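Residues per chain, in single letters:
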Amino acid sequence: MSDSPSGSPELTRRPEWTALEDHRKDALPQPDLRELFAADPGRAERYVVRVGDLRIDYSKHLVTDETLALLQELAAATDVFGLRDAMFRGERINVTEDRAVLHTALRAPRDAVVEVDGENVVPGVHAVLDKMAGFADRVRSGEWTGHTGKRIRNVVNIGIGGSDLGPAMAYEALRPFTDRELTFRFVSNVDGSDLHEAVRDLDPAETLFIVASKTFTTIETITNATSARSWLLKGLGGDEKAVAKHFVALSTNSEKVAGFGIDVDNMFEFWDWVGGRYSYDSAIGLSLMIAIGPDRFREMLDGFRIVDEHFRNAPAEANAPLLLGLLGIWYGNFHDAQSHAVLPYSHYLSKFTAYLQQLDMESNGKSVDREGRPVRWQTGPVVWGTPGTNGQHAYYQLIHQGTKLIPADFIGFARPVAELSDGLKAQHDLLMANLFAQGQALAFGKTAEEVRAEGVPEEQVPHRTFRGNHPTTTILAGELTPSVLGQLVALYEHKVFVQGAVWNIDSFDQWGVELGKVLAKRVEPALTEGADVPGLDPSTAALVAAYRNLREVN
Ligand SMILES: O=P(O)(O)OC[C@H]1O[C@H](O)[C@H](O)[C@@H](O)[C@@H]1O
């Protein structure tokens, strides 16, 4: 394979890469965490990086100072910070779509200057934030009423992918900060059951629909929005004028919004330099802003900004997103790890991992480099996980004793939310004891000698032994506030950036979702009308025929 046009060697031929391969072989089978801690009494304190309110402990990783130094050399050789600076400067680093990548401008202070093609985008960002704040305040106060004059009590966000996962995740995460008088629902699936369940107990006169779509062409969203409009009009006697009071749009595409019948005065704009999976701190967050109020929303943006500034300015060895990105590369590229678990010990973060799946897997699930050549190295991991302690009673068995290496992130908070009763607050220590215990068990395991010493019969010893050496990061903060949520999301955004930069892939396009969309459009007439679809493969043709038969029987 050829080197890049700039003459730099391809990734796996770089001396910094082969140095890591050699280092990995030298340390086989792998560094032992018991030994590493025994040899370095300061490790637990030294392998910690702090950013904002986050204390990030990476001491339970299969790394030494030498490993970290070699990983840093790889980051330097691949010019991660050069690409970072180009991103913050507004250069078109999304090469396949020829776009700037400026989600960081969404949280820039009012007086910042961030230029795209010579134009400062920050005033526009704040103009939209102000418009959102005005609208959110009117809905929250009851000043904005529906068509019949009733105040709005229900907000239904209709969107999918980045136009759903972010607001839905953040609404869940910040529930204690939300207006409990209002009901929020998030509809994404084109399965009609999703909208049905979301609206079946709602009064249309009190319901506001937020149609969230960057492109305003996404079939699932437009279909659901059209059905929602019919539901609304049916419930309100068919007066088309009702739409203006019950529908707003979040989009980059004013023409399509107008075409759908939503007044562009009721549209909240964002821009093509905001990727869908990086967009919930833009207008896409309107439902969240209505839920938590503009002040809390701005606190969340401040949290994002803390980590942006850190990523931009912290030295490499203390740069949290850089470290986390490099640790992922260590396992994915040098230990054949295929997946990465994110395990929040907070019920409020129940949708956090699902959100990260899009952020990480849509960004770095690529197999050609930025120049379009096939990559010969592993790229993004499978990201998965659910909140602890539920996972402990389900799939942790495989992490502890299975044959796969699964690096994991634990996320936990020192304080439970204020509104819990004293009795429920007391459960928090038990929750966190589980987090700490899991990290300990995964790292240090339990040797056969230790098992025997407990009097376990010999034939059971292998079954009850834990080999340990499972790497984990523990992210700890005081409390899950809007700012802390912003910090966490920005941390993962920049971690994903770092990995894409090292792998030399475009983390900001998503061509892999296109084929299925095109084929769905082509197949649909075969289902609805029995139309002949030219070129349908035999397996799919048989499935379509079976579907039509089954449908008729029932
Ligand atoms: O916001 P929209 O334009 O409706 O897009 C919604 C989602 O669908 C697309 O297919 C992309 O894969 C996602 O990145 C995007 O977030």
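What counts, and at which threshold
All residue numbers here refer to positions counted from 1 along the written sequence of the relevant chain. Note on the predicted model: pLDDT of at least 70 is required for a residue's local features to be given, and 80 or more for side-chain atom pairs to be given and counted; whole-chain, interface and lining totals, by contrast, use all residues. Side-chain measures were taken over the full set of non-hydrogen atoms in the model, leaving aside hydrogen atoms and water. All axes here are fitted lines through C-alpha atoms, helices being fitted over the stretch that makes contact, and every angle between N-to-C directions spans 0 to 180 degrees. Numbering of helices and strands starts at the N terminus; helices are DSSP runs of H or I of at least 4 residues and strands are runs of E of at least 2. Oblique is the label for every angle not falling under 35 degrees (roughly parallel), over 145 degrees (roughly antiparallel), or within 65 to 115 degrees (roughly perpendicular). Each crossing gets its handedness from the near helix: less than a right angle anticlockwise from the far helix is left-handed, clockwise is right-handed. We call two residues in contact when some of their heavy atoms are within 4.5 Å. Any residue outside Ala, Val, Leu, Ile, Met, Phe, Trp, Tyr, Cys, Pro, Asp, Glu, Lys and Arg is labelled polar, Gly included; the first ten of those are nonpolar and the last four are charged. How sure the predictor is of each residue is captured by pLDDT, a score from 0 to 100. Here, nonpolar core refers to any group of buried Ala, Val, Leu, Ile, Met, Phe, Trp, Tyr and Cys residues whose side-chain atoms link them within 4.5 Å. Relative accessibility thresholds used throughout: buried, under 20% of the residue-type maximum; exposed, over 50%; partly exposed, between the two (1.4 Å probe, protein chains only). Whether a set of points on the 1 Å grid over the protein atoms alone is a cavity depends on a 1.4 Å probe fitting there but being unable to get out, while an open set qualifies as a pocket with protein on both sides within 12 Å along at least five of seven lines; lining residues are those with an atom within 4 Å of a point. Grid points are joined across faces, edges and corners, and a volume is the space filled by probe spheres set on the points. Here a residue is near a molecule or strand as soon as one of its heavy atoms is found within 4 Å of it. Two N or O atoms count as a polar contact when they lie within 3.5 Å, although within protein this holds only if one can serve as hydrogen donor and the other as acceptor, and sequence-adjacent residues are included solely when both atoms are side-chain atoms. Per-residue and other accessible areas were derived by the Shrake-Rupley procedure at a 1.4 Å probe size, with only the shown protein chains allowed to occlude residues. Assignment of a molecule to a cavity or pocket requires that more than half of its atoms lie within 2 Å of the corresponding grid points. When the strands point away from the viewer, a crossover counts as right-handed if the path from the first strand over the helix to the second runs clockwise. Pairing between strands is defined by DSSP: at least two bridges between the two strands are required. UniProt positions are given in the numbering used here, feature names are shortened, and annotations may be inferred rather than shown by experiment.

1. Topic: the packing of helix 7 (residues 165-173) against helix 15 (residues 352-364)
Where helix 7 meets helix 15, the axes come as close as 9 Å, and the angle between the chain directions of the two elements is 155°. Overall, the two elements helix 7 and helix 15 adopt an arrangement that is roughly antiparallel. At the point where helix 7 passes helix 15, the crossing takes the left-handed sense. Judged by residue contacts, Leu165, Gly166 and Met169 of helix 7 engage Phe352, Ala354, Tyr355 and Gln358 from helix 15. Considering only residue class, the contact of helix 7 with helix 15 consists of 5 nonpolar, 2 polar and no charged.

2. Side note on the confidence of the model for the protein chain
Model confidence for the protein chain is summarised by a mean pLDDT of 96, while 98% of its residues fall at 70 or above. Reported confidences for the modelled complex are a pTM of 0.97 and an ipTM of 0.98.

3. Examining the packing of helix 5 (residues 80-89) against helix 20 (residues 482-503)
Running from N to C, helix 5 and helix 20 point in directions that differ by 120°, and their axes come no closer than 9 Å. As the angle between them shows, helix 5 and helix 20 are arranged oblique. Crossing hand, helix 5 versus helix 20: right-handed. Only His494, Phe497, Val498, Ala501 and Val502 of helix 20 make contact with helix 5, whose side of the interface consists of Val80, Leu83, Arg84, Met87 and Phe88. A breakdown of the residues in the contact of helix 5 with helix 20 according to their chemical character gives 8 nonpolar, 1 polar and 1 charged.

4. A closer look at the nonpolar core
Counting residues in each nonpolar core, the largest one holds 124 residues, and the members touching the most others are Trp273, Tyr280, Ile290, Phe352 and Leu485. At 13 residues, helix 20 tops the list of elements feeding residues into this core. What leucine 485 contacts, discounting residues up to four positions off in sequence, is Met169, Ala170, Ala173, Leu174, Tyr280, Met300, Leu349 and Leu480. In terms of nonpolar packing, the next biggest core, distinct from the first, is built from 24 residues, Ala198, Val199, Phe247 and Phe260 among them.

5. Digging into empty space enclosed by the protein
What the rule picks out here adds up to 4 cavities of 30 Å³ or more. In terms of residues, the lining of the largest cavity owes the most to one element, helix 14 (residues 320-334), which gives 4 residues. Its residues placed into classes, the lining of the largest cavity shows 4 nonpolar, 4 polar and 2 charged.

6. A closer look at the site of the ligand
The immediate surroundings of the ligand are formed by 13 residues, with Ser163, Ser213, Thr215, Thr218 and Glu362 found nearest. Within the side chain of serine 213, an N or O atom sits 2.6 Å from an oxygen atom of the ligand. At a separation of 2.7 Å, an oxygen atom of the ligand approaches a polar backbone atom of lysine 214. Starting from 390 Å² of accessible surface for the ligand in isolation, the protein chains cover 89%. Structurally, the ligand is housed in the largest pocket. Of the residues that constitute the shell around the ligand, the class distribution is 2 nonpolar, 8 polar and 3 charged.

7. Some remarks on the environment of aspartate 85
Summarising the element assignment, aspartate 85 is placed in helix 5. For the pair formed by aspartate 85 and arginine 107, sequence separation is 22 residues and the distance between their alpha carbons is 16 Å.

8. Let's talk about the pairing of strand 10 (residues 339-344)
Successive residues of a regular strand alternate their side chains across the two faces of the sheet. Within strand 10, 6 of the 6 residues are buried, leaving the element largely enclosed by the surrounding structure. For the segment spanning strand 10, helix 15 and strand 11 (residues 382-384), crossover handedness is right-handed. Here strand 10 pairs with strand 12 (residues 408-413) via 4 bridges, running parallel. Pairing of valine 342 across the sheet is with aspartate 409, part of strand 12.

9. Digging into the sheet that holds strand 6 (residues 183-187)
Within a beta sheet, neighbouring strands are joined by backbone hydrogen bonds and run either parallel or antiparallel to one another. In space, the 5 strands of this open sheet follow the order 6-5-7-8-9, with parallel pairing throughout. With one partner strand each, in any of the chains shown, strand 6 and strand 9 (267-269) form the two edges of the open sheet. The mean inter-strand angle of the sheet, taken between neighbouring strand axes irrespective of direction, is 20°. Packing of helix 8 (residues 192-199) onto the sheet brings it into contact with strand 6 and strand 7 (207-212), and relative to strand 6 it is tilted by some 175°. Contacts between helix 9 (residues 219-235) and the sheet are confined to strand 5 (154-158), strand 6, strand 7 and strand 8 (247-251), with strand 7 contributing the most and set at about 160° to the helix.

10. Some points on the UniProt feature "active site" (unreviewed entry) in the protein chain
UniProt tags Glu362, His393 and Lys517 as "active site" (unreviewed entry). For the annotated residues, spread through 156 residues, the largest C-alpha to C-alpha distance comes to 37.0 Å, inconsistent with a single compact locus. Among the annotated residues just listed, those lining the largest pocket are Glu362 and Lys517. Within the element layout of this structure, histidine 393 appears in the loop between strand 11 and helix 16 (396-401).

11. Focus: the layout of surface pockets
Space inside the largest pocket adds up to approximately 1200 Å³. Lining the largest pocket are 44 residues, and of these Thr218, Glu220, Val513, Glu514 and Lys517 lie nearest its centre. Looking at the lining of the largest pocket, the elements that each hand over two or more residues are helix 9, helix 15, helix 21 (514-528) and helix 22 (538-553). Looking at the lining of the largest pocket element by element, the count peaks at 9 residues for helix 21. Classifying every residue of the lining of the largest pocket by side-chain character gives 17 nonpolar, 15 polar and 12 charged. Considering every element that reaches the lining of the second largest pocket, the biggest residue donor is helix 18 (residues 428-444), with 3 residues. Looking at the lining of the second largest pocket, its residues break down into 10 nonpolar, 8 polar and 2 charged.

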